[in-house]
Amino acid sequence: MSAVLEALQQPLDTATTAPGPALDEAALLARAHALAGQLAALAEAHDASGAAPAPQFALLHQADLLRLTIAREAGGHGAGLASARAVVGAIAQGDPAVALILAMHYSNHAAIARSQRAGQGEWPADLAAQLIAASLQGPALLNAAQVEPELGSPSHGGLPATRAKRVAGGWQLSGHKVYVTGGPLLAWISVLAVTDEPEPRLGSFVLPRDTAGARLVDTWNPMGMRATVSHDLVLDGAWVPDHHAVGLRPASLGLQREAHGIAWYFSLVATVYDGAARSARDWLAAFLNQRRPSALGGASLASLATVQEKFGEIEVLLQSSDWLLDSHARAYDSGTAPDGLVAVAKHVAVDNALRVVQLALELAGNHGLARRNALERHLRNVLCSQIHSPANSLIRSNTGRAALQKRQAAA
């Protein structure tokens, strides 16, 4: 605990450090599990204050987990989706808000690593090298800014109002983004925008967070996941050089997401909330074993058959989610994952996490809603699983339509 308190008193460590040798999956996961307890000890204070979890990312940097998905040949650990999911899951059991910021960083660097393989990505080589070098030297978190106040999520269709104006040597960005996860901690922000060209193009423009004309506005004050500090980003002529443009395509085509990015996003977001549900399960297990109502003559609630049956349902739900998410991630890494499986995995894991905290609340009663108990925070965090696009209703619609069309074609 003293190490945690010391971390709280220190600013985010941005000192340049030389990366050590790449580690294997078991060693990385062991470090993540060892760190989870320290993150859990910090989670309550950051949830209450809504403060950016800078000390937590100092700990992640010290544990050498921030270069997890950078390619080995570029100086990272070269982890695939299965390893990244396992690490994110461990961190999420400590603090899912920290895990969500970390998941976004991992996903973006996985896309960069993919782009370094010929013909498999769109990140310019010079930009990729710059971002990798920064991340190897110290905490240099990367995330995207895509959602807007009027458009909402671009996954629902439509084009962003954010504009990229052509100027000498680069672009000037103007617009307003919301829900920029990790905002104050980010070193780099990838902004989705439409160009002002005669034939507009849609793509992302990567800028340092402290770029002139880019301003974060402290707006994030939700019910749960408060330490994600997902503030607004206001852009007023923020300049980026030519080679910081990524994936420009005709805007008439709409937003085109790569299957690679979809798989990572769905899998890691689902894992974050699965981890939060596991924390609820762990709190509940301790409560049920310790709670000994006088009506039971000294026996614990855990001794009741009805309680054991409900707790068994929780275990079934969590084991099902873990098997599905892990199986998908390993199949994805090997190139054998069926199309559409990751959307199903996200749907199942989110639904299961919601059911887990509902069951936990039923078993804990009033204690589950008491703010002195961690279950109340876990409940609020898991409820936020429903805000990540696409909603489960859209996943069901897409899955149903694809299944019906497949059977019509086969008839």
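Positions within a chain are numbered from 1, following the residues in the order the chain's sequence is written. Selection of residues for local features in this predicted model requires a pLDDT of at least 70, selection of side-chain atom pairs for listing and counting requires 80 or more, and totals for whole chains, interfaces and linings are taken over all residues. Water and hydrogen atoms play no part in the side-chain values, which are based on all heavy atoms of the structure.

In terms of helices and strands, the protein carries 11 helices and eight strands. All radius of gyration figures rest on C-alpha atoms, and the globule criterion is 2.2 Å times the number of residues raised to 0.38. Its C-alpha atoms give the protein a radius of gyration of 22 Å, near enough to 22 Å, the size a compact globule of 411 residues would have. For this analysis, residues touch if any pair of their heavy atoms sits within 4.5 Å. Summarising the internal contacts of the protein: among those between residues at least 6 apart in sequence, 74% fall at separations of at least 24. In the protein, which carries 32 positive and 34 negative side-chain charges, the distance between the mean positions of the two groups comes to 4 Å. Counting from the N terminus, the helices are the DSSP runs of H or I reaching at least four residues and the strands are the DSSP runs of E reaching at least two. Counting rule for charge: Lys and Arg are taken as positive, Asp and Glu as negative, and neither His nor the chain ends is counted. Here the site of a charge means NZ on Lys, CZ on Arg, CG on Asp, or CD on Glu.

What follows covers helix 3 (residues 54-62). Every α-helix winds through 3.6 residues per turn, so residues three or four apart in the chain are directed the same way. For each residue, the accessible area found with a 1.4 Å probe, counting protein chains only, is set against the maximum for its type, and the residue is called buried under 20%, exposed over 50%, and partly exposed in between. Taken across its nine residues, helix 3 has eight buried, putting it largely inside the fold. The set of residues buried in helix 3 consists of Ala54, Pro55, Gln56, Phe57, Ala58, Leu59, Leu60 and His61. Looking one or two places after helix 3, you find Asp64, whose phi comes out positive at around 60°.

Further remarks concern the packing of aromatic side chains. Pairing of aromatic side chains requires ring centres within 6.5 Å, counting the rings of Phe and Tyr and the six-membered ring of Trp. Pairs whose planes differ by under 30 degrees are stacked, by over 60 edge-to-face, and all others tilted. Across all of its chains, the model carries four aromatic pairs by this definition. When the ring of Tyr265 is compared with that of Phe266, the centres are 6.0 Å apart and the planes differ by 55°; the resulting orientation is tilted. Judged by relative accessible area, Phe266 falls into the buried class, the value being 10%. Taking NZ or CZ as reference, Arg166 lies 4.3 Å from the ring centre of Trp171, over its face. For a ring to carry a charge above it, either NZ of a lysine or CZ of an arginine must fall within 6 Å of the ring centroid while also lying within 35 degrees of the normal to the ring plane. Positioned above the aromatic ring of Phe266 is the side chain of Lys346, whose terminal nitrogen or guanidinium carbon lies 5.9 Å from the ring centre.

The next point concerns unusual backbone geometry. Pro390 follows Ser389 through a cis peptide bond whose omega is -5°. Positionally, Pro390 belongs in the loop between helix 10 (374-383) and helix 11 (392-410). Its identity is not glycine, yet Val229 carries a phi of approximately 40°, on the positive side. Tracing the backbone shows Val229 in the loop between strand 6 (214-217) and strand 7 (231-241). Looking at Val229, the relative accessible area reads 1%, which means it is buried.

What makes a salt bridge here is a side-chain nitrogen of Lys or Arg within 4 Å of a carboxyl oxygen of Asp or Glu, nothing more. Taken as a whole and assessed by the stated rule, the structure comprises 16 salt bridges. The shortest N-O distance in the salt bridge between Arg85 and Asp322 comes to 3.3 Å. Within this pair, whereas Arg85 is found in helix 4 (residues 81-94), its partner Asp322 is found in helix 8 (residues 305-334), the two being separated by 237 residues in sequence. Judged by relative accessible area, which is 5%, Arg85 ranks as buried.

Considering the arrangement of structural elements, one finds His109 in helix 5 (residues 96-115). For His109, a relative accessible area of 2% gives the class buried. Sequence separation of His109 and Ala245 is 136 residues, and the distance between their C-alpha atoms is 16 Å. In this view, His109 contacts Thr69, Ile70, Leu131, Ile132, Ser135 and Leu142; residues no more than four positions away in its chain are not counted.

What follows concerns the packing of helix 4 against helix 8. Axes here refer to lines fitted to C-alpha atoms; in helices the fit is confined to the stretch in contact. Angles between the N-to-C directions go from 0 to 180 degrees. Remark: helix 4 packs on helix 8, axes separated minimally by 7 Å, with the N-to-C direction vectors making an angle of 150°. Across the interface between the two elements, Leu81, Ala82 and Arg85 of helix 4 pack against Asp322, Leu325, Asp326, His328, Ala329, Arg330, Tyr332 and Asp333 of helix 8. Residues are sorted three ways: Asp, Glu, Lys and Arg are charged, Ala, Val, Leu, Ile, Met, Phe, Trp, Tyr, Cys and Pro are nonpolar, and all the rest, Gly among them, are polar. Residue classes in the contact of helix 4 with helix 8 are distributed as five nonpolar, one polar and five charged.

A few words on the nonpolar core. Grouping buried Ala, Val, Leu, Ile, Met, Phe, Trp, Tyr and Cys residues that are joined through side-chain atoms within 4.5 Å yields what is termed a nonpolar core. Core analysis: the biggest nonpolar cluster contains 59 residues, and Phe57, Leu60, Ile91, Tyr106, Leu173 and Leu207 have the highest contact counts within it. For this core, the leading source of residues is helix 5, giving nine residues. Setting aside its immediate chain neighbours within four residues, Leu60 contacts Leu35, Leu65, Leu66, Ile91, Val98 and Leu102. Among the nonpolar cores identified, the runner-up in size contains 25 residues, and Leu284, Phe287, Leu359 and Ala364 belong to it.

Glancing now at the confidence of the model for the protein. The quantity called pLDDT is the predictor's confidence in a given residue, expressed from 0 to 100. Across the protein, the average pLDDT comes to 91, with 94% of residues at or above 70. Overall, residues 1-16 carries pLDDT values under 50, and its contacts beyond four positions in sequence, including any with other chains, amount to 21 contacts.

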